[in-house]
Amino acid sequence: MAIPGSASSRARLVVLVSGTGTLLQALIDHPPVNTEIVAVGADRYGIEGLVRAEAEAIPVFVTPLEDFPDRGAWDRALRDAIAEYRPDLIISAGFMKILGAEVLKDFTVLNTHPALLPAFPGAHAVRDALAAGVSVTGCTVHLVDEGVDTGPVLAQREVAILPEDDESSLHERIKQQERELLVEVVGRVCAEGIPQERVSSS
Ligand code: GRF
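Residues numbered from 1 in each chain as written. Predicted model: local features only at pLDDT ≥ 70, side-chain atom pairs only at ≥ 80, totals over all residues. Heavy atoms only, no water.

## So, the environment of Ala 42
To keep it simple, the criterion reads: Runs of H or I in DSSP of at least four residues are treated as helices and runs of E of at least two as strands, each being numbered from the N terminus. Throughout, a contact is declared for two residues whenever any of their heavy atoms are within 4.5 Å.
Tracing the backbone through its elements, the reader meets Ala 42 in strand β2 (residues 35–42). The contact partners of Ala 42, leaving out residues within four places of it in the chain, are Val 17, Ile 47, Leu 50, Phe 61, Val 62, Thr 63 and Phe 95.

## Comments concerning the sheet that holds strand β7 (residues 153–160)
Paired through backbone hydrogen bonds, the strands of a sheet run either parallel or antiparallel to each other. The test is simple: For two strands to be treated as a pair, DSSP must find at least two bridges joining them. Whenever a helix is involved, its axis is fitted only over the stretch in contact; in every case the axis is a line through C-alpha atoms, and angles between N-to-C directions fall within 0 to 180 degrees.
Taken in spatial order, the seven strands line up as β3-β2-β1-β4-β5-β6-β7 in an open sheet, and their pairing is mixed. Only two strands of the sheet have a single partner each, and these edge strands are β3 (60–62) and β7. Ignoring strand direction, the axes of neighbouring strands in this sheet form an average angle of 20°. Direction of pairing for strand β4 (residues 89–92) relative to strand β5 (residues 109–113): parallel, over a ladder of three bridges. Within the sheet, the bridge partner assigned to Ser 92 lies in β5 and is Asn 111.

## Overview of the site of the ligand
Note the threshold: We call a residue near a molecule or strand as soon as one heavy atom of that residue lies within 4 Å of the molecule or strand. Throughout this description, a polar contact denotes any pair of N or O atoms lying within 3.5 Å of each other; where both atoms belong to protein, one of them has to be capable of donating a hydrogen while the other can accept it, and for residues adjacent in sequence the pair is counted only when both atoms sit in side chains. Only the protein chains shown count as covering a residue, and every accessible area follows the Shrake-Rupley method with a 1.4 Å probe. A pocket, in this scheme, is an open set of points on a 1 Å grid over the protein atoms alone with protein on both sides within 12 Å along at least 5 of 7 lines, while a cavity is a set where a 1.4 Å probe fits but cannot get out; residues line either one if an atom lies within 4 Å of a point. Assignment of a molecule to a cavity or pocket requires that more than half of its atoms lie within 2 Å of the corresponding grid points. In this classification, Asp, Glu, Lys and Arg are treated as charged, Ala, Val, Leu, Ile, Met, Phe, Trp, Tyr, Cys and Pro as nonpolar, and every other residue, Gly included, as polar.
In the vicinity of the ligand lie 13 residues, with Thr 20, Thr 22, His 171, Lys 175 and Glu 178 positioned nearest. Take Leu 23: an N or O atom from its main chain is 2.9 Å from an oxygen atom of the ligand. Within the side chain of Lys 175, a nitrogen or oxygen atom sits 2.7 Å from an oxygen atom of the ligand. Considered on its own, the ligand offers 370 Å² of accessible surface; in the complex 91% of this is hidden by protein. With respect to the pocket detection grid, the ligand is positioned in the largest pocket. Those elements that provide at least two residues to the shell around the ligand are α1 (22–29), β5 and α6 (167–192). Ranked by residues supplied to the shell around the ligand, first place goes to α6 with three residues. Of the residues assigned to the shell around the ligand, the class counts are three nonpolar, eight polar and two charged.

## Description of helix α3 (residues 71–83)
Quick note on the threshold: What a helix should span is 1.5 Å times the count of its residues minus one. Working definition: with a 1.4 Å probe on protein chains only, accessible area under 20% of the residue-type maximum means buried, over 50% means exposed, and in between means partly exposed.
A rise of 1.5 Å per residue sets the reference length of α3, with its 13 residues, at 18 Å; its end C-alpha atoms lie 18 Å apart and thus fit the reference within 8%. Among the residues of α3, Ala 73, Trp 74, Asp 75, Ala 77, Leu 78, Arg 79, Ala 81 and Ile 82 are the ones counted as buried. Buried positions along α3 lie against β1 (11–17), β3, β4 and α4 (101–106). Two or three places before Gly 72, at the opening of α3, Asp 70 has a side-chain oxygen 3.1 Å from that residue's backbone nitrogen.

## Quick look at the confidence of the model for the protein chain
Detailed reading of predicted coordinates is not advised where the pLDDT is low. Test applied: For every residue, the pLDDT score states the predictor's confidence, bounded by 0 at the bottom and 100 at the top.
For the protein chain, per-residue confidence averages 94 on the pLDDT scale, and residues scoring 70 or more make up 93% of the total. Note on residues 198–202: pLDDT under 50 across the span, and 16 contacts to partners over four residues away in sequence or across chains.

## Considering the layout of surface pockets
Keep this limit in mind: Grid points are joined across faces, edges and corners, and a volume is the space filled by probe spheres set on the points.
Size it by volume and the largest pocket reaches roughly 730 Å³. For the largest pocket, the lining is made up of 35 residues, of which Gly 94, Phe 95, Met 96, Thr 112 and Pro 114 are closest to its centre. Mapped onto the lining of the largest pocket, the elements with two or more residues apiece are α1, β5, α5 (125–132) and α6. The element contributing the most residues to the lining of the largest pocket is α6, with four residues.

## Looking at the pairing of β4
Stated precisely, the cut-off is as follows: Here is how to tell: hold the view so the strands point away, follow the path from the first strand over the helix to the second, and if it runs clockwise the crossover is right-handed.
Burial along β4 is two-sided: the residues Leu 89 and Ile 91 and Ile 90 and Ser 92 are all buried. Both β1 and β4 contribute to a ladder of four bridges, which runs parallel. Among the inter-strand pairings, Val 15 is bridged to a residue of β4, identified as Ile 91. After leaving β4, the chain enters α4 and then returns to the sheet as β5, a path that is right-handed.

## Brief notes about the packing of aromatic side chains
Spelled out, the test is: The pairing test for Phe, Tyr and Trp rings, Trp by its six-membered ring, is centres within 6.5 Å, and the orientation test on the planes gives stacked under 30 degrees, edge-to-face over 60, and tilted for anything in between.
Considering all chains together, one arrives at two aromatic pairs under this definition. Where Trp 74 meets Phe 95, the ring centres are 6.5 Å apart and the plane angle is 10°; that geometry is what we call stacked. In this pair, Trp 74 is assigned in helix α3 and Phe 95 in the loop between β4 and α4, connecting sequence segments 21 residues apart. Considered together, Trp 74 and Phe 95 belong to a single accessibility category, that of buried residues.

Structure representation (structure tokens):
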């Protein structure tokens, strides 16, 4: 439980995923200095993100919401599953569930989001940006609080929307930027701790 002020020893990372896990793969392929992914957690079985972790012999755990009577019970179970790995930092990398108060009370959590927050929060950020007709969108790495994509922004990158873009082509170009930005910000946070002011990167 180090981090806020950091530059301690090797930072233990738990990465949370719900889908294909290409952001996780970026952290595996370009590990920030002095970090180690000690576990990958998911809210569902059978996803590529878990296969990527298992291919690297990274321990995995799965905590599906539907296995619990309510969100509070799921929140506590997820907190306990994460705590097993004694992480310094949690990275929500395409984890498509809102984290609860118990997880957020015990851990520092970073999230990456495919839009320039505060614009287009929520689960359909790429679709929403296209529907709004904006010419520039992007990605954001931020600290997670109890809101939906409302926590303090640590870094952002812009991505231009092309006339021929559909949701899939635009999301893929955004994810190219997200992968680099996430690796950069995780490295910075593990080395320097959580910045007092909001840092912007392009
Ligand atoms: C990313 O765009 C992330 O911001 C969003 O879901 C996507 C995850 O991509 N929440 P992947 O599963 O890492 O490929």
